[in-house]
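Chain by chain, the residues run as shown.
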Amino acid sequence: MSDDMLRAPAEVKYADELDYLESVDDNPKPFSWRLSPKMIRLFVLGSERADGLDREIPQKWFGDRSFVERSIVTLASDRGLLLIGDPGTGKSWLAELLAAAICRNSTLVVQGTAGTTEDHIKYSWNVSMVIAKGQSRQSMIPSPIMTAMERGVIGRFEELTRSTSDVQDALISILSEKYVSIPELEDDNIVFAQPGFSIIATANSRDRGVNDLSSALKRRFNFVRIPVVTNKNSEAEIVRFRTEELLRRHRIELDLPPTLLDILLQSFADLRSASASAASDDERLESALSTAEQIGVLEDAILHSHFFGDRVLRAQTLAGSLVGSLARRSPEDLAILNKYWHGVVEPRGKKDGGPWQEFLEGGRDAIATLS
């Protein structure tokens, strides 16, 4: 079934694993959860030999286990869960995995934007049915959040701080009272949340000041802050995991040389360090330099090598992908990258040669093309 989708949700992609874990799970479960908290943690973080399972469960989210455990405990309570952190730290992916493991449905999602309205989190109406038969439960269109309430499952709210304050305030009654009233109807005019309902919201810490959360809404969420991955080995695992998924999805047979992965990781580490020490925003790349952007750079290079190259990933292609992905402002970002190439990559290329020299040449060509 997942082969028929461009991107299958976690509950479809890992259906076989979830079926297996459910069949061997004899631990206590809150509400109507499909898996126990222990098995949910195992599904997200992967199995170990001490778990005593007949099959290996691979790790899907790379981070501290305490963040996963706190998230699960929050969802077992009556409070909402707010995952907050910098872009690219895996907040949405963790939310999807948790929802898939808890209720086998991660698709009841509201995307927060400036255009998100209260209807998107409560309900709207099928105009043609209203005209024909009047307002009723049949002519009402429930939001993903209301659907989650009725089913007693997890609803998700992406980029909560990007929605306006009146939309955020509409969540307060849902999270505290656990029902939505429908004043347009005389009968059957209240939708009560069923046991197991909760909300997982995400917010970017860089969005402070966009639409700050009210104190009332903050009290109804349990905050779990997801830090930027700084451990090189962990970051390498994340990039490798996501890249292998891409190769399988496109049925591409292409090796990822460890030296090129090291070059990519080191380049991002260098650029993050330079950004942290920059005196002004003009001296920083517009990119957040997140792990997700590293994955995007590598995917771009792999696809370019497969479709337009000789199906071998080379340092020149990786350099061109990196420059093309990070040079979003002209001339500011190009000037920053040019400085990095001359000040860091060039000495490293002369000293180490090999892939670093090829990376130097590829980056120079890309910068010259874009300048």
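For the structure itself, look to the data block above.
These numbers were taken from a predicted model, which means no experiment stands behind them.

What counts and what doesn't
- Residues numbered from 1 in each chain as written.
- Predicted model: local features only at pLDDT ≥ 70, side-chain atom pairs only at ≥ 80, totals over all residues.
- Heavy atoms only, no water.
- Pairing = 2+ DSSP bridges.
- Helix = DSSP H or I, 4+ residues; strand = E, 2+ residues; numbered from the N terminus.
- Axes fitted to C-alpha atoms, helices over the stretch in contact; angles between N-to-C directions.
- Contact = heavy atoms within 4.5 Å.
- Buried < 20%, exposed > 50% of the residue type's maximum accessible area, 1.4 Å probe, protein only.
- Polar contact = N/O pair within 3.5 Å; in protein donor to acceptor, adjacent residues only side chain to side chain.
- Phe/Tyr/Trp six-rings, centres within 6.5 Å; stacked < 30°, edge-to-face > 60°.
- Salt bridge = Lys/Arg side-chain N within 4 Å of Asp/Glu carboxyl O.

Remarks on the sheet that holds strand β9 (residues 221-226)
- Spatially, five strands are ordered β2-β5-β8-β1-β9 in an open sheet, and the strand pairing comes out parallel. For this open sheet the edge positions go to β2 (109-111) and β9, each flanked by a neighbour on one side alone. Shown here is a sheet whose adjacent strand axes are inclined to one another by a mean of 20°, direction ignored.
- Strand direction decides the pairing type here: β2 and strand β5 (residues 154-158), joined by three bridges, are parallel. Across the sheet, residue Q111 finds its bridge partner in β5, namely E158.
- Contacts from helix α7 (residues 144-151) reach β2, β5 and β8 (198-204) within the one sheet, and its direction differs from that of β5 by about 160°.

Overview of the side chain of S305
- Summarising the element assignment, S305 is placed in helix α12 (residues 291-308).
- Under the relative-accessibility criterion, S305 is labelled buried at 2%.
- A distance of 2.8 Å separates a polar atom in the side chain of S305 from the backbone oxygen of A301.

Overview of the packing of aromatic side chains
- In the structure shown here, the tally under the stated rule is seven aromatic pairs.
- Judged by centre distance (5.1 Å) and plane angle (25°), the ring pair of W341 and F359 falls under stacked. Note that W341 is positioned in helix α14 (residues 332-352) and F359 in helix α15 (residues 354-370), a separation of 18 residues in sequence. Here the two residues W341 and F359 agree in accessibility, since each one is buried.
- An aromatic cluster is built from Y340, W341, W356 and F359, whose rings are joined through pairwise contacts.

Here we look at the pattern of salt bridges
- By the definition in use, this model includes 20 salt bridges.
- Its salt-bridge partner being R137, residue D188 comes within 3.2 Å of it at the nearest N-O pair. Here R137 lies in the loop between α6 (127-133) and β4 (140-142) and D188 lies in the loop between β6 (179-181) and β7 (190-192), a separation of 51 residues in the sequence.
- Overall, the relative accessible area of 22% leaves R137 in the partly exposed class.
- For the salt bridge of R329 with D333, the shortest nitrogen-to-oxygen distance reads 2.9 Å.
- For R329, a relative accessible area of 19% puts it in the buried group.

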